[in-house]
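If you want the building blocks of each chain, they are given just below.
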Amino acid sequence: MSISIRTGRDSDADAVTSLTAQLGYDVAPSGVIERLAHILERTDQRFLIAEEGGQPVGWLHAAVAEFVEADPFVVIAGLVVDRNCRGRGIGRMLMHHAEQWAREQRCSLVRLWSSAGRVSAHRFYEHLGYTHIKTQLSFAKSLES
C-alpha cells in the first residue's frame, strides 16, 4: 500500500495518542485532544499525519521558533512512525514535507532535539543531512503547587 501525507485533524487524536506511547510518553487522550486542537488552529505550526490504507502510521509536529539571537527557524517538535512500519521511508517523507513547509515559512534552517538514548533516530537524522551541532543539558521546573 502507498503512504500519503496530510495535515492532521482533530479526529486523529486517538491515533496520535497511541503513536506517542510508542515513544515512551504516557499521555492522556483528553490532553492530546485539547493540545492537538490548539496546534491545528495555529498558522506557525504544522501537524502532519502519514497514512497507509486510511490508517495513521506516523506523525510529525513542526513549529516556527523565533529567538532574539537567531533568524526564525523551524523546529521539529516531535516525530514518530509506528514501530511496525519503520524503515520504509515514512519518516523521510514526513521530514521532507516539514522541510518544504519550512521553506514556505521563509525559514532556511530546521532544528530538532533527540534524546541521547535514541541512537537509531540519530543515525536517521544524520542520513537525512542533519548535523549534530552540540550536546547540552535540559532543565525543567514544575510550576504546579
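Data block above holds the structure.
Residues numbered from 1 in each chain as written. Predicted model: local features only at pLDDT ≥ 70, side-chain atom pairs only at ≥ 80, totals over all residues. Heavy atoms only, no water.

**Some points on the nonpolar core**
And then number 1: The biggest cluster of nonpolar side chains holds 24 residues, and the ones touching the most others in it are Leu-60, Val-74, Ile-76, Ile-90 and Leu-94.
And then number 2: Here the element with the most residues in this core is helix α3 (residues 90-104); it accounts for six residues.
And then number 3: Beyond its immediate sequence surroundings of up to four residues, Leu-60 is in contact with Arg-46, Phe-47, Leu-48, Ile-76, Gly-78, Leu-79, Leu-94, Met-95 and Ala-98.
And then number 4: Judged by nonpolar contacts, the second largest core, of ten residues, contains Ala-13, Val-32, Phe-47 and Ile-49. (Core = buried A, V, L, I, M, F, W, Y, C linked by side-chain atoms within 4.5 Å. Buried < 20%, exposed > 50% of the residue type's maximum accessible area, 1.4 Å probe, protein only. Helix = DSSP H or I, 4+ residues; strand = E, 2+ residues; numbered from the N terminus. Contact = heavy atoms within 4.5 Å.)

**Topic: the pattern of salt bridges**
And then number 1: One pass over the structure, following the stated rule, counts five salt bridges.
And then number 2: Note that Asp-12 and Arg-6 form a salt bridge whose closest N and O atoms lie 2.7 Å from each other. Here the two residues Asp-12 and Arg-6 agree in accessibility, since each one is buried.
And then number 3: We note a salt bridge from Glu-51 to Arg-9, for which the minimum N-O separation is 4.0 Å. Here Glu-51 is found in strand β2 (residues 45-52), whereas its partner Arg-9 is found in the loop between β1 (3-7) and α1 (13-21), with 42 residues between them in sequence.
And then number 4: By relative accessible area, which is 13% here, Glu-51 ends up buried.
And then number 5: Through salt bridges with shared partners, a single network forms among Arg-6, Arg-9, Asp-12 and Glu-51. (Salt bridge = Lys/Arg side-chain N within 4 Å of Asp/Glu carboxyl O.)

**What to know about the environment of Arg-111**
And then number 1: When you line up the elements, Arg-111 lands in strand β5 (residues 110-112).
And then number 2: Overall, Arg-111 belongs to the partly exposed group, its relative accessible area being 29%.
And then number 3: The spatial distance from the C-alpha of Arg-111 to the C-alpha of Gly-89 is 20 Å, given a sequence separation of 22 residues.

**Remarks on the packing of aromatic side chains**
Here the distance between the centres and the angle between the planes together describe a pair of aromatic rings.
And then number 1: The full count for this structure, using the stated rule, is four aromatic pairs.
And then number 2: Members of the aromatic cluster, each reached through a chain of ring pairs, are Phe-124, Tyr-125 and Tyr-130.
And then number 3: The cationic tip of Arg-111 hangs over the ring face of Phe-73; the distance from NZ or CZ to the ring centre is 4.7 Å. (Phe/Tyr/Trp six-rings, centres within 6.5 Å; stacked < 30°, edge-to-face > 60°. Lys NZ or Arg CZ within 6 Å of the ring centre and 35° of its normal.)

**Description of the sheet that holds strand β4 (residues 70-81)**
And then number 1: Taken in spatial order, the five strands of this open sheet run β1-β2-β3-β4-β5, and their pairing is mixed. Because the sheet does not close on itself, it has two edges, and the strands there are β1 and β5. The average undirected angle you get between the axes of adjacent strands in this sheet is 30°.
And then number 2: Relative to strand β3 (residues 55-67), β2 is paired through eight bridges, and the arrangement is antiparallel. (Pairing = 2+ DSSP bridges. Axes fitted to C-alpha atoms, helices over the stretch in contact; angles between N-to-C directions.)

**Details of α1**
Residues that lie three or four places apart on an α-helix share one face, since the helix turns once every 3.6 residues.
And then number 1: Among the residues making up α1, those that are buried are Ala-13, Val-16, Thr-17, Leu-19 and Thr-20.
And then number 2: In this fold, the buried residues of α1 make contact with α2 (29-41), β2, β3 and β4.

**Structural notes on the environment of Gln-136**
And then number 1: Structurally, the position occupied by Gln-136 is in the segment after α4 (119-127).
And then number 2: By relative accessible area, Gln-136 is classed as partly exposed at 45%.
And then number 3: A polar side-chain atom of Gln-136 sits 3.3 Å from a polar atom in the side chain of Lys-134. (Polar contact = N/O pair within 3.5 Å; in protein donor to acceptor, adjacent residues only side chain to side chain.)

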